[in-house]
Amino acid sequence: MSTTTLPPSEKTQPVSAPDAKTSDRAKSERKLGWLLAGPALVVMLMVTAYPIAQAVYDSLFDFRLTDPDNRSFTGLSNYGVILSDWLWWRSLLVTGFITLVTVAVELVLGFALAMVMAKALSTIRPVLRAAILIPYAVITVVSAFAWQFAFDIQTGFVNSWFGWVPGISAETDWFGDTWTSLLVICLAEIWKTTPFISLLLLAGLAQVPEVLQEAAKVDGASWWQRMRKVTLPNMKAAIMVALLFRTLDAFRVFDSIFIMTGGANATESVSFLAYRQTISRLEIGLGSAVSVLLFLAVVFIAMSFIKGFKVDLSQTRGDA
Amino acid sequence: MSGKEKAWWGVAGVAIVLYALFPIAWIVSLSFKAPSALNNGNFLPGSPTTENYSLILTGGASDLFLPALRNSFGICLIATAISCLLAMFAAYAIARLDFPGKKFILGTALAVAIFPVISIVTPLFNLWRNIGLYDTWPGLIIPYLSLTLPISIWTMSAFFREIPWEMEQAAQVDGATTWQAFRKVIVPLAAPGVFTTAIIAFFIAWNDFVYGISLTSTEAARPVPAALGLFSGASQFEDPTGAIAAAAVIVTIPVVVLVLLFQRRIVAGLTNGAVKG
């Protein structure tokens, strides 16, 4: 029983110490460790590594679900089709735009919210914390509907409320144009996910040593100087983790776009393109290739973050 | 802090509350609008009506909404239970035992957490159709584990690391058996962490849209977010806005209740797992 639940990777673990030196106790501890942690690892690999391998395999075929008999091996031609199609590049651009805008705004806004929460009187802090958790807990689909209905030309209140702003009138159709649609999508995303960033930043703020702040204050440093020289450097780890996770999350944007525009007006994201190829058009081969490309893009972003910003995730995430 | 400064932070606090609750207030208001009032451009419903709620709970749209609600609850609870159980064992091993491969497990959890969901959906869609898991509960529970398991492992190992494990030995010295020491000392200490993790995992499963919309096709397994996304009202000719708003309010109630009850723990869980570890 015990051997069957052990994941295969256990065998590839380098044996660090010679067996003779390893005590029985350490040996049994090691065995128990794998016995307990193994099932979780196996499940994680099964639900992700296996499907992605399958996607890589499927992406090499010309394969329509409606026409399964005509499945034929076409090598990398699916990738050629996608990479030479402007739809792919457009969805990549849209995704990049949404990611950049939302993450930048969320970082600034999230930091401001974290500062207020850190300074707030202890009596109202629980209220703030509860309020800020609500957008995090509300499902993305509900948030997308709320924002869509608010800006909608029929049901919305935005046009009548902001009629005094130049360019906005009762006839402003926010979902009739690429840029205004993207703006509303970004607003919904920002509202929904800023709480996550600000909670991480609040935890980071709490780790800035109070002594350093006081010392800088005594030395006559201004608020801005203290922020730049004391607060921010000490929060680097928290900021990096928040930035990395939000960037990867934003890059997978799907729900809001599905609800608000359904990909119309050139608002299709990469995830949406993959969804449309597979689920709507049943082009398993092409859809798989888009999925693989999306996966590679996410890996690329993660790698460049970790290399570029020298984020040591094992340290920031406290892997002791 | 001077009085002026205090007032300033107070105003900022009110702004935060407004920011967080405004879209919710709007969807609640919308859910109480009569069809004739939907397009009047006002924020408040004027003369509130519960028409929309009766439409989705007992009326023409209830056979779309109620099965979805049942699916969501069932699937999310089962996925949460499985991932918490697996994560509990893994986190115990990570926090407590010394074995090679610990970093590998945490690293895998991290990699799975950043995985683009849609990349998994494409192959699963095809596979599930072939083996009969398409549009079934297990067909969603299994992929939900890819969402809930990584964060459960991270959050729980963060909690478990803070447990003073020496207390267990102390209890044993005092004459308790290993099992007694574990049950009477460690389990009560670990319970809050497990519970918090369960709430966060449940939120994440409850929020899923991509799996729900891609791997189901009927009321047999379609969860609420997907049902909402495809909702077209009681009839094709009716504007579903009010019904969607009412359904949105209903699915938001459980998460808001959880947030209000356990906010302190949820914040601790989210930030522990991510920043402190």
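Residues numbered from 1 in each chain as written. Chains lettered and ligands numbered in written order. Predicted model: local features only at pLDDT ≥ 70, side-chain atom pairs only at ≥ 80, totals over all residues. Heavy atoms only, no water.

Right, let's talk about helix H11 (residues 223-234) of chain A for a bit. Residues and elements named next belong to chain A. Between the first and last C-alpha of H11 there are 15 Å, a value that for 12 residues agrees with the 16 Å anticipated at 1.5 Å per step. For H11, the complete set of buried residues consists of Arg 226, Met 227, Val 230 and Thr 231. For H11, the arc enclosing every buried residue in end-on projection is 130 degrees, short of the 170-degree limit, so these residues lie on one face. Packed against the buried residues of H11 are helix H5 (86-119), helix H9 (178-206) and helix H10 (210-218). (Helix = DSSP H or I, 4+ residues; strand = E, 2+ residues; numbered from the N terminus. Expected span 1.5 Å × (residues − 1). Buried < 20%, exposed > 50% of the residue type's maximum accessible area, 1.4 Å probe, protein only. Arc of directions from axis to C-beta. Contact = heavy atoms within 4.5 Å.)

A full pass over the atoms with the stated rule returns 39 aromatic pairs over all chains. Note on Phe22(B) and Phe43(B): the rings are 4.9 Å apart at their centroids and 20 degrees apart in plane angle, and the pair reads as stacked. One end of the pair, Phe22(B), is in helix H1 (residues 3-31); the other, Phe43(B), is in the loop between H1 and helix H2 (51-57), with 21 residues separating them in the sequence. With a relative accessible area of 12%, Phe43(B) lands in the buried category. Connected via pairs of aromatic rings, a cluster forms that spans Phe157(A), Trp161(A), Phe22(B), Trp26(B) and Phe43(B). Sitting over the ring of Tyr136(A), Lys192(A) keeps its end group 5.7 Å from the ring centre. A cation over a ring is seen here: Arg129(B) above Tyr134(B), with NZ or CZ 4.8 Å from the ring centre. (Phe/Tyr/Trp six-rings, centres within 6.5 Å; stacked < 30°, edge-to-face > 60°. Lys NZ or Arg CZ within 6 Å of the ring centre and 35° of its normal.)

Looking now at the UniProt feature "transmembrane region" (unreviewed entry) in chain A. The sites that carry the UniProt feature "transmembrane region" (unreviewed entry) are, in the present numbering, residues 32-53, 92-118, 130-151, 182-203 and 284-306 of chain A. Secondary structure across residues 32-53 of chain A divides into 100% helix and 0% strand, with the first and last C-alpha atoms of the span separated by 30 Å. (UniProt positions renumbered as here; feature names shortened; annotations may be inferred.)

Going through the model one piece at a time under the given rule, you end up with two cavities of 30 Å³ or more. Put simply, the largest cavity is a space of about 1,100 Å³. If you go around the largest cavity, you meet 48 residues; those closest to its centre are Asp249(A), Arg252(A), Leu147(B), Ile204(B) and Asn207(B). Considering only residue class, the lining of the largest cavity consists of 31 nonpolar, nine polar and eight charged. In this structure, the second largest cavity spans a volume of roughly 50 Å³. Along its surface, the second largest cavity is lined by Ile56(B), Leu64(B), Phe65(B), Ala227(B), Leu228(B), Phe231(B) and Ala247(B). Listing elements by their share of the lining of the second largest cavity, those giving two or more residues are helix H3 (62-96) and helix H10 (224-229) of chain B. (1 Å grid on protein atoms, 1.4 Å probe; cavity = no way out; pocket = protein on both sides within 12 Å on 5 of 7 lines; lining within 4 Å. Points joined across faces, edges and corners; volume = space filled by probe spheres on them. Nonpolar A, V, L, I, M, F, W, Y, C, P; charged D, E, K, R; others polar.)

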